[in-house]
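# Structural features, examined
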Amino acid sequence: MSVDPTLRELQAEVRAFADARDWGQFHSPRNLAMALSVEASELLELFLWSKDEGPQPPEAGRVPRVAEEAADVLMCLLNLADRAGVDLAAALRDKLARAGAKYPVERVRGRARKYDEYAEWSEDDGTA
Ligand SMILES: [Mg+2]
């Protein structure tokens, strides 16, 4: 087992885990997409009622559970990508390239608006 595993190695581990239990029969892309959403919500719940300032998650005892739920999210995502035939690394790089074009560093650095909320990008002002 690699110390710094690749996505494909992790996917193989997740697949072997499921195959050993004959769980593949339940792992349709649809079910895995739902499971991913459920696990993301479980992660989100740990931060529920946090204040903007102060500890996040609000209870120190939840910190180990953040790692656990993050792992659940990753496991579902790796499994979903595997079953749906998605090359996650390629998809991520493609997404970053498109996001980079939408959000050029010189225009958005330190700003958190959505790309179409920057007035200077309006198609009407000729700078878009
Ligand atoms: Mg969970």
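Residues numbered from 1 in each chain as written. Predicted model: local features only at pLDDT ≥ 70, side-chain atom pairs only at ≥ 80, totals over all residues. Heavy atoms only, no water.

### Quick word on a nonpolar patch on the surface
A cluster of nonpolar side chains, namely Phe17, Trp23 and Phe26, defines an oily patch on the protein surface of about 310 Å² accessible area. Mapped onto the elements of the fold, phenylalanine 17 is located in helix 1 (residues 7-20). (Patch = residues over 30% accessible without salt bridge, like charges linked within 9 Å, V, L, I, M, F, W, Y side chains within 5 Å. Areas by Shrake-Rupley, 256 points an atom, 1.4 Å probe, with all protein chains shown as cover. Salt bridge = Lys/Arg side-chain N within 4 Å of Asp/Glu carboxyl O. Helix = DSSP H or I, 4+ residues; strand = E, 2+ residues; numbered from the N terminus.)

### Side note on helix 3 (residues 63-84)
End to end, helix 3 covers 32 Å across 22 residues, agreeing with the expected 32 Å (1.5 Å per residue, within 8%). Of all the positions in helix 3, only Glu69, Asp72, Val73, Cys76, Leu78, Asn79, Leu80 and Ala81 are classed as buried. Contacts made by the buried residues of helix 3 are with helix 1, helix 2 (29-45) and helix 4 (88-102). Glycine 85 sits one or two residues past helix 3 and shows a positive phi near 70°. (Expected span 1.5 Å × (residues − 1). Buried < 20%, exposed > 50% of the residue type's maximum accessible area, 1.4 Å probe, protein only. Contact = heavy atoms within 4.5 Å.)

### Things to note about the coordination of the magnesium ion
Distances from the magnesium ion to its protein donors, namely Glu39 (OE), Glu42 (OE), Glu69 (OE) and Asp72 (OD), fall within the range 2.0 to 2.2 Å. For the magnesium ion, the donor residues sit on a single chain with the sequence spacing E-x2-E-x26-E-x2-D. Of this pair, glutamate 39 sits in helix 2 while aspartate 72 is found in helix 3, placing the two residues 33 residues apart along the sequence. Assigned by exposure class, glutamate 39 and aspartate 72 land together as buried. (Donors = N, O, S within 2.8 Å, 3.2 Å for Na, K, Ca; no water.)

### Thoughts on the confidence of the model for the chain
In low-pLDDT segments, the atomic positions of the prediction should not be examined closely. Looking at the chain, pLDDT values average 91 and 91% of them are 70 or higher. Taken as a whole, residues 124-128 scores under 50 in pLDDT and shows ten contacts with residues more than four places along the chain or in a different chain. (pLDDT = per-residue confidence, 0-100.)

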